[in-house]
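The residues making up each chain are set out below.
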Amino acid sequence: MNLTEEDYLIQLKSLEELADSHPDDPSHHFNLGKLIWERGEEWRENAAQHFLMAAKLNPQNGEAFRFLGQYYSCVCGDTQRALKCYQRAVSLNPDDSISGEALCNLLDREGKESLEISVCREASGKSPRASWAFSRLGFLMVHQKKWSEAVQSLQYAIRGYPTCADLWEALGLAYQRLGMYTAAIKSYGRAMELESSRAFAMIETGNIFLMLGSYRKAIEQLQHALEICPQSACAQYGLASGLLALSQECIRQGAFSWATSLLEEASEIAKSSAVLAGNMSCVWKLHADIQLTYAKSFPWTEGGNLKGEDEFSRSILSWRKARQSAALSANCSYQRALHLAPWQANIYMDVAVAVDLECSLQESQEDDLSSWKLAEKMLLGSLLLEGDNHEFWMALGCMSDHRALRQHAFIRGLHLDVSLASAWAYLGKLYKEEGESQLGRQAFDRARSIDPSLALPWAGMSADMLTREPASDEAYDSCLRAVQIMPLAEFQLGLAKLALLSNNLLSPEVFGAIRQALQCAPWYPESHNLNGLVYEGRQDFQSAVASYKLARYALKTSTFHLPHSHFSDLSVNLARALCKAGNVQEAIRELDDLKERGLLDVGGLQVYAISLWKLGKSDMALSAAKDLATCVPTMKLSSAVASICLICSLLYSISGAGPTINSILQMPKELLQSAKVSFIISAVDAVDQSSQLQAVVSSSRRSLSSKEEIMEMHLLIALSKVIRSGYGHSISVQSGIDHLRKALHMYPNGISLRNMLGNLLLSRKQWENDHVVRRCCAVVAFDPMKNDFRSAYEIIGAEAVACHATTSCKSKYSLSTCKHHDVQGSSLMRLMQRRFRLEPWNHNARYLLVLNLLQTTRQARYPQHLLDVLKRMTSAALTSQLFLNNTFERYKRFQLLLCSSELSLLDGDTSCCVSLARDASNLSLSDFYTFFAHLQLCRAHAVEDNHTRLDEEFTQCLKLRTDYPIGWISLKMIESRHKPQNGSTPSDSGFRDSIKEMKGSESSWLAVYSLFCGLVSQWSQDFPRAEEFLAEACSLEATESCFFLCHGAVCMELAKMQHGSQYLTMGIRSLKKAQWISSIQLPFVSLLLAQAEASLGSKLKWDISLSLEWYSWSPETRPAEVYFQMHLLALGSDGSDYGDPLSWVLRAVHLNPSCLRYWRVLRKLASSGNS
Amino acid sequence: MKLAGLKSLESAHDDSIWAATWIPANDTRPFSLLLTGSLDESVRLWKADDDVVLERTNTGHSLGVVSVAAHPSGVIAASASLDSFVRVFDVDSNTTIATLEAPPSESWQMQFHPKGTMLAVAGGSSTSIKVWDTSTWQLVASLQIPRPESSKPNDKIATKKFVLSVAWSPDGRRLACGSMDGTISVFDVSRGKFLHHLEGHLMPVRSLIYSPSDPRVLFSGSDDAHIHMYDAEGKSLIGSMSGHSSWVLSIDASPDGGAIASGSSDKTVKLWDLNMRAAVQSMTNHSDMVWGVAFRPPGGAGVRSGRLASVSDDKSISLYDYS
């Protein structure tokens, strides 16, 4: 109230007057006192007198007492009186927060906490709106650590002051202490929302997250807190421990380098917090923990790019140094922690662990068993302090070198806690080391049943199972579990070894494990060796070679002694990898070296023989094979089988079939009783004309057991039947097909059999049967087998190209009259696309897609969008095909070039077309194919009107000849159109030769040829000859409706030209036949028939045929003429069956306005309508 | 965590469905849309919350659609077909914004930058990732997988390193791509530099996704039937999950980062708990290879529950509730 002096005096005066006039009215006194009170400090005494008066007159006025209390406490310093006044004020009005706060402050100053609490209780009991009391009480309860009461009071208080961050923070703390963590996080969150700089709330939230295991969230919170107050040791401690926990999580997953980067960060933070609070032992312990974890997990990452031994040992040394220095620093920090808190038993153990790690990293062997090791001594310190802690006993057991002491320690641990799984596990390990495998197994079993999430017992069980021969799969599984629980290098190496024994080397678990093991145990030769084996299994031979080399460096630099066999094994591995990688020279150098030292074993000999053969030293290879053969009887069965296979293959590829057969015949029979050998012998037998091996083959085939093996063998037999009398010969192909049919009857699910059958059927070149192929090939959506033969997709794709039946999904483009027309046909394009989608890198898939697309495009009459796609696909296919090593590759390129050339011809780009076709003709393929390139050139030149070039190419075609009849027909077509000048005409003999080979389809080809000749005659207006040819075609192939249609049409033409009525009847017969044969309603047939019937005078039949014609067209393809004809029908009918003739003509005109005939009729109709 | 089947729409397309993704909701359209691409040469937009309702069919491709991608703003999306024709279109109006052409076999999986500034396209036989600017639609970078030193010039490098899949890290600084030989290559985008390979798969890597919660963690699905978890920065394999009996064709990470879903040619959709490192659920409602799985991104009006969509060769779309 900013009153001016004048106003004040006026008010004062009036109030004084009022007070004087009504001396018994307390309100006037109170008001007066208030006025004076507010005037300033020096007037307070005066005011107090008025308040006193007011209070005396009205003892229920709490406000007066409040002012008095303020007077006594602030002006007079009379605490006792002030207290009384405030108490009075509060008891009169419990909601009076000013008095309440002041009272509590006074009490607090006096140290009367219990009194304070009772005041607050009383006030809060009286009024639920006394928020000050609740909040005060809440804080007090928090102070006294009475958490649950604090929660109650604070909740009430927050109702009064919902935006007070302090209250929320206190509430959070109370919840946290009560263990209600989510509630605590919420409360802290509210506090932070209200005031974003609440560091305490942030730190505590971080701590809660740490406790709950959400390290990422914790780290985020604590980093934020550190930004606000960078000097908070508490936040730093929390952050460092959060990072440590996160890194341990990473280590458990095997992400060592990630963990290392986290640990480096953590270590920095821990160090700076140690600067801030250097006297806290826990800070030092944290730093030491971080360093210890670092020392244990720092990975060796240099791997493959190390050249030479020196570099390797230097890198190992620096890696070891990094680990050592971390261990040293951990040790120092632990010692500091211990120095600060020597009463904490566990720090003794920590020091012991650090010392032990340091010793193991330095590889200093203390052989003196009589004296106590430093680590053991430190552990005794722990045990002296807390003898009943089983952890210390366990640590002692792990670190001691004395067997007896270890056993004692573990048993003491078990005394203290009988269900201590780790003690059982270590005990098991100890027993195993002692050779007591029975006891060891029992101990492991017990440990595993107590705690199945412990890695060691699984590893132990795995090692135990390995000693029992047949159970290596089981051993692998349990070792895998151990590795998954804990990525320890020892377990991982064991896993890789077991994987080698149980054929699991390719599994990614093993790959991951061995890579991680390499990061932790790079000094151990076996880890490099196993890494090399894994690489080799994955066909990455260069990396395998590098690994084996590293293994050898490690072997040379290692301090412990390994047997010689280790070295020779490694050299053989290296040589094998070198040989596979193509570096045969070096491989032989390695093996020669071994041979000189006399360390060449069976495996080495095998590699040696192959390397020599690869190098071209056949004689030496044979002698090595002989050496190998002498060893065979003494070998184990599996390696003997491998050796026999190797020897046979080598012999065959060096000296041919004869000597191989001889040596097979010399071999002991019992060694040939194996599936693998059986395959080899059968293959050799297949190329042998004299069948000397029949007996051996049939006896060895008995060893085939599984279904897959038997099916494979059937394939081999079928192939051998095919090649017995020369591949490609139709008889031999037929015998192969027959065999496969029989085999398929036995194994109807044999996919490879089916595909092979399809392949052979296709290669028989009997086109009319190709539709069978599609039914016999089975397309499986997912085919895990990598077939050496063609896959079902490719066979079906090839069939689709061969059969021309790729009616695209838009069937309106064409009318298929093929009687084998298949419902599946429409989805073939889709099938090809699916295949391409599955293996986009597969050139064959793309090639088949292009070819099928070309046919679809052609059927659809070359629509622009399809042409664009086709152009892009073709050019991509052409550019991506780099290799022309074999005929098939060249043939594919040839086809693609022709396809591309055809496309440019369509574009009108003849020069490009010519150059592409020229490229195609230059590919060294057989003349049969090259013919088509020249044919294409003929067409291109014909378009150019370049007669000289056309003649040249034409002669070239005649010279080359082809055995594809369609080629001859095409050539004839060019001849008929362009009349080459040089006079040479393709005699029919070429065509007749080409169809001679075909047994089944000879007549149909002849029919096609006649059809063609007929068409040629028709073009030259020679209709009688055309009729003869076509009649011949119809008689040759009586099942093809198109022939009859053509014949009928030509007959009709002849009849129209007044050649005689016999043509009319012939025409009707042919057309009826065409109608009857065709599976769909052929257009034109009915129309022609109608005209024929009409000219014979049968109006009814004309009627029926014409209306049939209407339905044989699909709505969008109906030509104008059909509409026009319908008008005739409408005119002829009496009623309105066919609608208004005028409208039909109108529609015809609309479709084809250029036809004058329609207009004429229209005019006539219109005028007659008008009249 | 749990998947519950909500709806399975049979014959959603006329033929195999090969790709699926969600278009996030935005200011003008308060719900997410499901985008699918199929062998029937069309791309369809679906309104999918509890039911799957066709919103629109986009045509224009000449061959099957192999990949679809949605811009984080929810305004534009892209679809790529077998002939490597990428069409970028406006989601709401279906107007073509850009067409990106590459030689066939040089466009496979696509993904937009998390901020939407760029579009990465797995470059197939070009053994590279093509990065397009989304404002000018110009090619801004072509991140090439380096040839191994030992390779001869005419080695079948284009086949071995054929790039099938691509993924942006959540911060947009890294790009990873998966190749046919099973390796994954990691690139630094700002410097346009190859960083390193991640090894471990034996067969083609068809799908990649970075974890939304840990920018270092990359998940990959491969034909060797495994799902791997990599520390993409420390180039180490930190987890390998097996359970599918055939190729893993597609994977996606849940928005909370706690789970991933995978679709496989063994016809199942599996849900993997990342804490347990194991499949917790296997859905068998598809009758053919599952080519795409996609979690719905958070956001949109009234959307609380998570959704997962899967598409398959059996022409159906399945929708699940994820909780």
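Residues numbered from 1 in each chain as written. Chains lettered and ligands numbered in written order. Predicted model: local features only at pLDDT ≥ 70, side-chain atom pairs only at ≥ 80, totals over all residues. Heavy atoms only, no water.

## A few points about the UniProt feature "repeat: WD" (unreviewed entry) in chain B
All names here are of chain B. Mapped onto this numbering, the UniProt entry annotates "repeat: WD" (unreviewed entry) at residues 10-56, 58-99, 163-197, 198-240 and 241-282. Its end C-alpha atoms 17 Å apart, residues 10-56 is made of 0% helix and 51% strand. In this annotation, residues 198-240 is assigned 0% helix and 56% strand; the end-to-end C-alpha distance for the span is 13 Å. (UniProt positions renumbered as here; feature names shortened; annotations may be inferred. Helix = DSSP H or I, 4+ residues; strand = E, 2+ residues; numbered from the N terminus.)

## Some details on the packing of aromatic side chains
Throughout the structure, instances matching the rule amount to 20 aromatic pairs over all chains. A centroid spacing of 6.5 Å and a plane angle of 25° characterise the contact between Tyr 891 of chain A and Phe 894 of chain A, whose relative ring orientation is stacked. Of this pair, Tyr 891 of chain A and Phe 894 of chain A both sit in helix α46 (residues 887-907), three residues apart, roughly one helical turn. Overall, the relative accessible area of 23% leaves Tyr 891 of chain A in the partly exposed class. Judged by its relative accessible area of 3%, Phe 894 of chain A falls in the buried class. The rings of Phe 836 and Trp 841 of chain A together with Trp 108 and Phe 162 of chain B are connected pair by pair, giving a single aromatic cluster. Positioned above the aromatic ring of Trp 18 of chain B is the side chain of Arg 837 of chain A, whose terminal nitrogen or guanidinium carbon lies 5.2 Å from the ring centre. (Phe/Tyr/Trp six-rings, centres within 6.5 Å; stacked < 30°, edge-to-face > 60°. Buried < 20%, exposed > 50% of the residue type's maximum accessible area, 1.4 Å probe, protein only. Lys NZ or Arg CZ within 6 Å of the ring centre and 35° of its normal.)

## Describing the pattern of salt bridges
Residue and element names in this part refer to chain B. What the rule picks out here adds up to 41 salt bridges over all chains. Residue Arg 206 pairs with Asp 223 through a salt bridge whose shortest N-O separation is 2.8 Å. With Arg 206 in strand β18 (residues 205-210) and Asp 223 in the loop between β19 (217-222) and β20 (226-231), this pair connects stretches of sequence that are 17 residues apart. An identical accessibility class is assigned to Arg 206 and Asp 223; each is buried. Residues Arg 307 and Asp 321 are paired through a salt bridge, measuring 2.7 Å at the closest nitrogen-oxygen approach. Here the residue Arg 307 occupies a position in strand β27 (residues 306-312), and Asp 321 occupies one in strand β28 (residues 317-322), the gap between them amounting to 14 residues. We note that Arg 307, like Asp 321, is buried. Put simply, Asp 49, Asp 50, Arg 296, Arg 307 and Asp 321 are held in one network by salt bridges that share partners. (Salt bridge = Lys/Arg side-chain N within 4 Å of Asp/Glu carboxyl O.)

## Observations concerning the state of the cysteines
All names here are of chain A. Under the criterion given, the structure shown has zero disulfides over all chains. Here Cys 164 stays unpaired: no disulfide links it, and the sulfur of Cys 120, its closest cysteine neighbor, is 15 Å away. Residue Cys 164 is classed as partly exposed on the basis of its relative accessible area of 24%. (Disulfide = S-S within 2.5 Å.)

## A word on the sheet that holds strand β6 (residues 65-70) of chain B
Picture the strands of a sheet paired through backbone hydrogen bonds; they go either parallel or antiparallel. All names here are of chain B. Read from one edge of the open sheet, four strands run β6-β7-β8-β9, paired in antiparallel fashion. Of all strands in the sheet, those with a lone pairing partner are β6 and β9 (96-101), marking the two edges. In this sheet, neighbouring strand axes are inclined to one another by 15° on average, regardless of whether the strands run parallel or antiparallel. Taken together, the five bridges between strand β8 (residues 85-90) and β9 define a ladder with antiparallel strand orientation. (Pairing = 2+ DSSP bridges. Axes fitted to C-alpha atoms, helices over the stretch in contact; angles between N-to-C directions.)

## Quick notes on the confidence of the model for chain A
Mean pLDDT over chain A works out to 80, with 91% of the residues at or above the 70 mark. Note on residues 805-813 of chain A: pLDDT under 50 across the span, and 24 contacts to partners over four residues away in sequence or across chains. (pLDDT = per-residue confidence, 0-100. Contact = heavy atoms within 4.5 Å.)

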